Amino acid sequence: AAKKTVSVLESNPATTTKFEAFLGAITVSSFIVIWLSSAASPLILFISLREGYYKITAFIILITIIAYLPWKRGPISRCVQRFIDSNHPQYYNGVSIVFEGGEVPPSEHRQTFFAVHPHGAFCIGWALLFTCPTMHRVRFCFAPSLFASPFFRLFSRASAARPSMNAYLKNGEDCALPPGGFEEATLTSTSQDRVFIKKRYGFVRLCLKYGVAIRPVYVFGEGRLFSNVQGFWGNRLALNRFGIPTIIVWGRWFFPLLPKKGVKIYIVVGKPIVLPKIENPTKEEVAVWHNKYIVELKRIYDEYKEDAYGADEGKVAKVEVW
């Protein structure tokens, strides 16, 4: 049977000029530098104070003040987002974003939680969704450690901390989050697709509490953008539990923070899993819906892997569920 999908983004590498690809490279590398500087901002501030780099110190303090002011998205923010949305996809060997079931925001009226996999080294698929005009009404939530940083806070006004997530969903907002977190980033591999979800019950519990539908999202190609040291999983995943990233990644040889070229990104937003509203769900009830979520995530992978990777590679591709 033909798949019922709606495509909201299709970038064609055959029509991309070198200048457009260059702008795409600038956009994605800027995003990654901001990501890293956000994680390292406390250390950067400490070193600048200790070594007497007071201009850097003043800059960080100024950005912090601006980031923590209670402003809302305005014309400057929208212009930046349009620039990113126009140029970022041009870097890759094609980008597609498709929605299953014909339900595309904001035409659908059901409150929705978008669970994005895999995290990858730097959440590139998540970033493409973040700037996609179709998703502008969705709150994209960052890890609390990143949200506390002034640099990332300039881009998003949403934290993945449990009290914040409760407030967003209680207010009837749509949210997006990569539930695999740092653990899923640690597991990223160019040769094996992996998701970290077996122990991630929190988002299912929240969605049951407020009766929010969940849409599993799979980003094919995410793991192929950066090489990552493999192994030592026990030690690395243990550090992840304390909010410490343990990825050791590199992209292109001349600039390791730039993703590898020639990778096609194919993002599938699954059809909604409609959950009942259970104010205080039991562990058993959470487990039932969590299992249904994993089954649906695996279905999306198996159903679309040939569209993403081609018939030959797609037939043998498998996703590991951790």
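Residues numbered from 1 in each chain as written. Predicted model: local features only at pLDDT ≥ 70, side-chain atom pairs only at ≥ 80, totals over all residues. Heavy atoms only, no water.

**Considering the nonpolar core**
- Counting 39 residues, the largest nonpolar core has Ile 124 and Ile 265 as the members making the most contacts within it.
- Of all the elements in the fold, those that place two or more residues in this core are α1 (18-51), β2 (95-100), β3 (112-117), α4 (124-131), β7 (213-220) and β10 (265-269).
- The element best represented in this core is α4, accounting for 6 residues.
- Ignoring anything within four residues of it in the chain, the contact list for Ile 124 reads Val 28, Phe 31, Ile 32, His 88, Tyr 92, Glu 222 and Leu 225.
- The next biggest cluster of nonpolar side chains, apart from the first, holds 38 residues, and it includes Val 98, Leu 206, Tyr 218 and Tyr 266. (Core = buried A, V, L, I, M, F, W, Y, C linked by side-chain atoms within 4.5 Å. Buried < 20%, exposed > 50% of the residue type's maximum accessible area, 1.4 Å probe, protein only. Helix = DSSP H or I, 4+ residues; strand = E, 2+ residues; numbered from the N terminus. Contact = heavy atoms within 4.5 Å.)

**Remarks on the layout of surface pockets**
- Here the largest pocket defines a volume of roughly 770 Å³.
- In this structure, the largest pocket is lined by 31 residues; those nearest its centre are Pro 144, Ala 160, Leu 177, Pro 178 and Pro 179.
- Looking at the lining of the largest pocket, the elements with two or more residues in it are α1, α5 (144-147), α7 (162-170), α8 (181-186) and α9 (202-210).
- Residue classes in the lining of the largest pocket are distributed as 21 nonpolar, 6 polar and 4 charged. (1 Å grid on protein atoms, 1.4 Å probe; cavity = no way out; pocket = protein on both sides within 12 Å on 5 of 7 lines; lining within 4 Å. Points joined across faces, edges and corners; volume = space filled by probe spheres on them. Nonpolar A, V, L, I, M, F, W, Y, C, P; charged D, E, K, R; others polar.)

**What about the side chain of Gln 111?**
- Inspection of the secondary structure assignment puts Gln 111 in the loop between β2 and β3.
- Within the structure, Gln 111 has its side chain in polar contact with the backbone oxygen of Leu 169 (distance 3.0 Å).
- For Gln 111, the contacting residues outside a window of four places in its chain are Tyr 168, Leu 169, Gly 172, Glu 173, Asp 174, Val 212 and Ala 213. (Polar contact = N/O pair within 3.5 Å; in protein donor to acceptor, adjacent residues only side chain to side chain.)

**Let's talk about empty space enclosed by the protein**
- What the rule picks out here adds up to 1 cavity of 30 Å³ or more.
- Pro 118, Glu 184, Leu 187, Thr 188, Ser 189, Gln 192, Asp 193, Arg 194 and Gly 223 are the residues that line the largest cavity.
- Looking at the lining of the largest cavity residue by residue, the class counts come to 2 nonpolar, 4 polar and 3 charged.

**Description of the sheet that holds β2**
- The strand order across the open sheet formed by 7 strands is β1-β2-β10-β7-β3-β5-β4, and the pairing between neighbours is mixed. Edge positions in the sheet fall to β1 (5-11) and β4 (139-140), since each of these pairs with one other strand and no more.
- Bridge count between β3 and strand β5 (residues 175-177): 3 bridges; the pairing is parallel. Bridge pairing in β5 links Ala 115 to Leu 177.
- In the packing of helix α11 (residues 283-309) onto the sheet, contacts are made with β1, β2, β3, β7 and β10, and the angle to β7 comes to roughly 35 degrees. (Pairing = 2+ DSSP bridges. Axes fitted to C-alpha atoms, helices over the stretch in contact; angles between N-to-C directions.)

**Considering the packing of α7 against α9**
- For the pair α7 and α9, the least separation of the axes is 10 Å and the interaxial angle reads 30 degrees. For α7 against α9, the interelement crossing comes out right-handed. Residues Met 165, Asn 166, Leu 169 and Lys 170 of α7 form the contact with α9, whose participating residues are Leu 206, Lys 209 and Tyr 210.
- Looking at the contact of α7 with α9 residue by residue, the class counts come to 4 nonpolar, 1 polar and 2 charged. (Left-handed = near helix turned anticlockwise from the far one by under 90°.)

**Quick notes on the pattern of salt bridges**
- What the rule picks out here adds up to 9 salt bridges.
- Put simply, Asp 174 and Arg 137 hold a salt bridge, and the shortest N to O gap is 2.9 Å. Of this pair, Asp 174 sits in the loop between α7 and β5 while Arg 137 sits in the loop between α4 and β4, placing them 37 residues apart in sequence.
- Note that Lys 305 and Asp 302 form a salt bridge whose closest N and O atoms lie 3.7 Å from each other. Placement of the pair is Lys 305 and Asp 302 together in helix α11, with a separation of 3 residues, close to one helical turn. (Salt bridge = Lys/Arg side-chain N within 4 Å of Asp/Glu carboxyl O.)

**Regarding α1**
- Spanning 34 residues, α1 covers only 41 Å between terminal C-alpha atoms, well under the ideal 50 Å at 1.5 Å per step.
- Residue Ala 40 marks the point of greatest curvature in α1, where the axis turns by about 65 degrees; the proline Pro 42 follows within four residues.
- Gly 52 lies just past α1 and shows a positive phi near 80 degrees. (Expected span 1.5 Å × (residues − 1). Bend = angle between axes of the 7 residues up to and from the residue.)

**Focus on a nonpolar patch on the surface**
- Together, Val 33, Trp 253, Phe 254 and Phe 255 give the surface a local cluster of nonpolar side chains, amounting to about 480 Å² of exposed area.
- Along the chain, the position of Phe 255 falls in the loop between β9 (249-250) and β10.
- For Phe 255, a relative accessible area of 31% puts it in the partly exposed group. (Patch = residues over 30% accessible without salt bridge, like charges linked within 9 Å, V, L, I, M, F, W, Y side chains within 5 Å. Areas by Shrake-Rupley, 256 points an atom, 1.4 Å probe, with all protein chains shown as cover.)

**Structural notes on the packing of aromatic side chains**
- Counting across every chain of the model gives 14 aromatic pairs.
- Between the aromatic rings of Phe 113 and Phe 203, the centroid separation amounts to 5.7 Å while the plane-to-plane angle is 20 degrees, which identifies the pairing as stacked. In this pair, Phe 113 is assigned in strand β3 and Phe 203 in helix α9, connecting sequence segments 90 residues apart.
- Each ring, one from Phe 203 and one from Tyr 293, has its centre 5.1 Å from the other, and the planes form 80 degrees; the classification is edge-to-face. Residue Phe 203 is found in helix α9, and its partner Tyr 293 is found in helix α11; the two are separated by 90 residues along the sequence.
- We classify Phe 203 as buried; its relative accessible area is 6%.
- Owing to a relative accessible area of 1%, Tyr 293 belongs among the buried residues under this scheme.
- Above the ring of Tyr 91, the side-chain terminus of Lys 261 is found at 4.8 Å from the ring centroid.
- The positively charged end of Lys 292 is found above the aromatic ring belonging to Trp 289, 4.0 Å away from the centroid. (Phe/Tyr/Trp six-rings, centres within 6.5 Å; stacked < 30°, edge-to-face > 60°. Lys NZ or Arg CZ within 6 Å of the ring centre and 35° of its normal.)

Limitation: the analysis is restricted to geometry and does not speak to function.
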